[in-house]
Amino acid sequence: MDQFIWHIYAYVYDLILLELSPYQQMIRRVYEALDPRNGECYLDAGCGTGNYLLPVLDSENDLTLVGVDYSNAMLKRAQKKLRSREEKVDLYELDLNKNLPFDKEVFNGVNCINVLYAIKTPEFAIQELYRVLNNGGRMVLITPLDEPEMLPILKEHLSTLKANYPRLWGPVFFYQLIKFFIPALIFVPINIYIKSNKKYHFFSEEEIRLLLTSNGFRIHEIGLIYGQQNWFIVAEKTRVNA
Ligand SMILES: C[S@@+](CC[C@H](N)C(=O)[O-])C[C@H]1O[C@@H](n2cnc3c(N)ncnc32)[C@H](O)[C@@H]1O
């Protein structure tokens, strides 16, 4: 069922999210928080259709990037998007519930954007991300609050639109609503299903703090993002692996 959900989601994911300014802002914040430098190596855990990897590859830095995801449909889209930059990025189809096929301490930074909630064993996944991260390396984790709502995300999008197009925001928004209409018929029910299904993990601030600190991370920053519906966490690996 899980694979099926992501498969369907892959068809509409970019049609909506690439138009949504809170999503674009979130991707930018991840890049700023990781601040990748020349010669470094980064992991995008649950890279989806490659929306984080693409702008990072287009930055001037010479980086090694690895994207992993267990949905073949998502990865196919990422592959297509990253085709002209394929020598700079490796994509792997794998399940974050299982051991990662990487040595310990190989990545300078890791990001995990809106994936942790979907993982059956979030603590195990955090431990694996910790293992593959360099000592002192950063992880940027984004994951929904315990009661996430869709409307505030749309409201934030609308505010940005009003700021960017003070005169024309109405027609622009109307045009986007028409564009969103068909994909939203799939996107919205999937989000409602995820939100109401007990097998997905939504964390309170206390829970997410505990999950990270009890597994060796030091939290640098914790705040809200994406219409204030997601935790935005910057954490650092502090303990030396045995
Ligand atoms: C909401 S999308 C986020 C994609 C991307 N990080 C982004 O921000 O656009 C969630 C992604 O997590 C992936 N995913 C879900 N469970 C997973 C698992 N157990 N192992 C690896 N990837 C998983 C899905 O295939 C999907 O691409």
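What counts, and where the lines are drawn
Residues numbered from 1 in each chain as written. Predicted model: local features only at pLDDT ≥ 70, side-chain atom pairs only at ≥ 80, totals over all residues. Heavy atoms only, no water. Phe/Tyr/Trp six-rings, centres within 6.5 Å; stacked < 30°, edge-to-face > 60°. Helix = DSSP H or I, 4+ residues; strand = E, 2+ residues; numbered from the N terminus. Buried < 20%, exposed > 50% of the residue type's maximum accessible area, 1.4 Å probe, protein only. Lys NZ or Arg CZ within 6 Å of the ring centre and 35° of its normal. Expected span 1.5 Å × (residues − 1). Pairing = 2+ DSSP bridges. Near = heavy atom within 4 Å. Polar contact = N/O pair within 3.5 Å; in protein donor to acceptor, adjacent residues only side chain to side chain. Nonpolar A, V, L, I, M, F, W, Y, C, P; charged D, E, K, R; others polar.

1. Things to note about the packing of aromatic side chains
Thinking step 1. Taken as a whole, this structure holds eleven aromatic pairs when the rule is applied.
Thinking step 2. Aromatic pair Tyr9 and Phe187: ring centres 5.3 Å apart, planes at 40 degrees, arrangement tilted. In this pair, Tyr9 sits in helix H1 (residues 2-17) while Phe187 sits in helix H7 (residues 169-196), placing the two residues 178 residues apart along the sequence. Phe187 matches Tyr9 in its accessibility class, with the two residues each being buried.
Thinking step 3. What links up through ring pairs into an aromatic cluster is the set Trp6, Tyr9, Tyr13, Tyr23, Tyr117, Phe187, Tyr193, Tyr200 and Phe202.
Thinking step 4. Cation over ring: Arg77 sits above Tyr11, and NZ or CZ is 4.6 Å from the ring centre.
Thinking step 5. Over the aromatic face of Trp169 sits the side chain of Lys162, whose NZ or CZ is 4.6 Å from the ring centroid.

2. Some points on helix H2 (residues 21-34)
Thinking step 1. With 14 residues, H2 extends 20 Å from end C-alpha to end C-alpha; this agrees with the ideal 20 Å at 1.5 Å per step.
Thinking step 2. All of the buried residues in H2 are Ser21, Pro22, Tyr23, Met26, Ile27, Val30, Ala33 and Leu34.
Thinking step 3. Two residues or fewer past H2, Asp35 is found with a positive phi of approximately 45 degrees.

3. Observations concerning the pairing of strand E6 (residues 217-225)
Thinking step 1. Pairing of E6 with strand E7 (residues 230-237) involves eight bridges; the strand directions are antiparallel. By the bridge assignment for E7, Glu221 is matched with Val234.

4. Points about the site of the ligand
Thinking step 1. Looking at the ligand, there are 19 residues lining it, with Tyr13, Tyr23, Gly46, Asp69 and Asp95 nearest.
Thinking step 2. Separating an oxygen atom of the ligand from a side-chain N or O atom of Tyr13 is a distance of 2.8 Å.
Thinking step 3. Here a nitrogen atom of the ligand sits 3.4 Å away from a polar atom, N or O, in the side chain of Asn97.
Thinking step 4. Considering only residue class, the shell around the ligand consists of twelve nonpolar, five polar and two charged.

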